[in-house]
Amino acid sequence: MRKKIIAGNWKMFKDLAEANDFFKELIENLHESKTEIMVAPSFTNLWHSFQTTRDYPIEIIAQNMHEENYGAFTGEISAEMLKSVGIQRVILGHSERRLFFGETDEQLKKKVNCAIHNEMHFIFCIGEELKDRNANHHFTVIKNQLKNSLFEISEKDWKYIVVAYEPVWAIGTGETASPEQAQEMHQFIRKTIANVYGNEIAENVSILYGGSVKPENAKQLFQQSDIDGALVGGASLKVSSFIKIIQAI
Ligand code: 13P
């Protein structure tokens, strides 16, 4: 059975005090649920956030990591460093990393291999730009992103992977993919994985939707059979909206 997951990606928001306030409020308002709850604060907040939440069903995850284990890479963070502060999962391939920091499928393949080598779980983000969708290339773009970075890993390593479909045109724009558009792509992603790795692996991988998920649209998205949760940006910054999204699943 695949897992239901709601993950908050804070991007470059919240300092230490703000993160602390958020987790205090989240813990106070959290109800028992089978949904896995994850939050990705900035690197500077990881250790403290991990300590604050370690007795609660909240997993603190990282937003990025480098593809090498160590070396002269000023400003970068390794899987081992993340693990040393309690982090077991990282977001890889977010479209903001691809667009603003030049991350390529080839580099992401190295990050994927590095994560697996370090037994680090990861949320692997894929998504097409508006021009791809307008040109009707969106399925090809998604298939290539999967193929170029993920499809050389071995079957046993799929246990480390959660996929997140985040259409770039829906991120931070207020424009969400319709539940039907999202379901169509999630089904395609699952089928593409099944074609290479078989049905069992495809049926067990959680595929999250991301892009302007809000309390108002979450329920309809989660009703789709291939949507297993969400990767939430803006609406994960406030406990009230984050909790409402968790309750919608
Ligand atoms: P928004 O929810 O702010 O559109 O961001 C989505 C996202 O990029 C999550 O990783």
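Residues numbered from 1 in each chain as written. Predicted model: local features only at pLDDT ≥ 70, side-chain atom pairs only at ≥ 80, totals over all residues. Heavy atoms only, no water.

S.K.: Looking at this model, I keep getting lost on the overall build of the protein chain. Mind explaining?
M.R.: Within the protein chain one finds 11 helices and 8 strands. The globule rule puts the C-alpha radius of gyration for 249 residues at 18 Å, and the 17 Å found for the protein chain is close to it. Seen through its principal axes, the protein chain has C-alpha atoms that stretch 45 × 45 × 35 Å. Considering the protein chain as a whole, with its 249 residues, one finds that 55% of them fall into the buried category. (Helix = DSSP H or I, 4+ residues; strand = E, 2+ residues; numbered from the N terminus. Rg over C-alpha atoms; globule rule 2.2 N^0.38 Å. Buried < 20%, exposed > 50% of the residue type's maximum accessible area, 1.4 Å probe, protein only.)

S.K.: Help me out: how do you make sense of the site of the ligand in this one?
M.R.: All residues adjacent to the ligand are Asn9, Lys11, His94, Glu166, Ala170, Ile171, Gly172, Gly211, Ser212, Leu231, Gly233 and Gly234. Glu166 is positioned such that a nitrogen or oxygen atom in its side chain is 2.9 Å from an oxygen atom of the ligand. At 2.7 Å, a backbone N or O of Gly172 approaches an oxygen atom of the ligand. Relative to its unbound accessible surface of 310 Å², the ligand loses 94% to contact with the protein. For the shell around the ligand, the residue count by class is 3 nonpolar, 7 polar and 2 charged. (Near = heavy atom within 4 Å. Polar contact = N/O pair within 3.5 Å; in protein donor to acceptor, adjacent residues only side chain to side chain. Areas by Shrake-Rupley, 256 points an atom, 1.4 Å probe, with all protein chains shown as cover. Nonpolar A, V, L, I, M, F, W, Y, C, P; charged D, E, K, R; others polar.)

S.K.: How should I be thinking about the packing of helix H10 (residues 215–222) against helix H11 (residues 239–248) in this particular structure?
M.R.: If you want to describe how two helices pack, look at the angle between their axes and the distance between the axes. Taken N-terminus to C-terminus, the directions of H10 and H11 make an angle of 20°; their axes are 8 Å apart at the nearest point. With respect to each other, H10 and H11 are oriented roughly parallel. Crossing of H10 over H11 shows right-handed handedness. Side by side, H10 and H11 meet where Pro215, Ala218, Lys219 and Phe222 of the first sit next to Ser241, Lys244, Ile245 and Ala248 of the second. Across the contact of H10 with H11, the residue classes break down as 5 nonpolar, 1 polar and 2 charged. (Axes fitted to C-alpha atoms, helices over the stretch in contact; angles between N-to-C directions. Parallel < 35°, antiparallel > 145°, perpendicular 65-115°, else oblique. Left-handed = near helix turned anticlockwise from the far one by under 90°. Contact = heavy atoms within 4.5 Å.)

S.K.: Hey, could you run me through the side chain of Lys109 in this one?
M.R.: Tracing the backbone shows Lys109 in helix H5 (residues 105–117). Since its relative accessible area comes to 19%, Lys109 is described here as buried. Apart from the residues within four sequence positions on either side, Lys109 is in contact with Asn148, Ser149 and Glu152.

S.K.: Please explain the pattern of salt bridges as it appears in this structure.
M.R.: Where side chains of opposite charge bring their charged atoms close, a pairing between them can arise. Enumeration according to the criterion identifies 16 salt bridges in this entry. Ionic pairing is found between Lys111 and Glu103, a salt bridge with its closest N-O pair at 2.9 Å. Note on accessibility: Lys111 and Glu103 belong to one class, buried. Across the pair Asp226 and Arg190 runs a salt bridge whose closest N-O atoms are separated by 2.5 Å. Linking Asp226 in the loop between H10 and strand E8 (229–232) with Arg190 in helix H8 (residues 179–197), this pair joins segments that are 36 residues apart in sequence. Looking at Asp226, the relative accessible area reads 10%, which means it is buried. (Salt bridge = Lys/Arg side-chain N within 4 Å of Asp/Glu carboxyl O.)

S.K.: Could you clarify how one ought to interpret the environment of Glu119 in this entry?
M.R.: Counting through the fold element by element, Glu119 comes out in the loop between H5 and strand E5 (121–126). Residues Glu119 and Glu80, spaced 39 residues apart in sequence, show a C-alpha to C-alpha distance of 9.9 Å. Other than its neighbours up to four places away in sequence, Glu119 contacts Lys83 and Tyr160.

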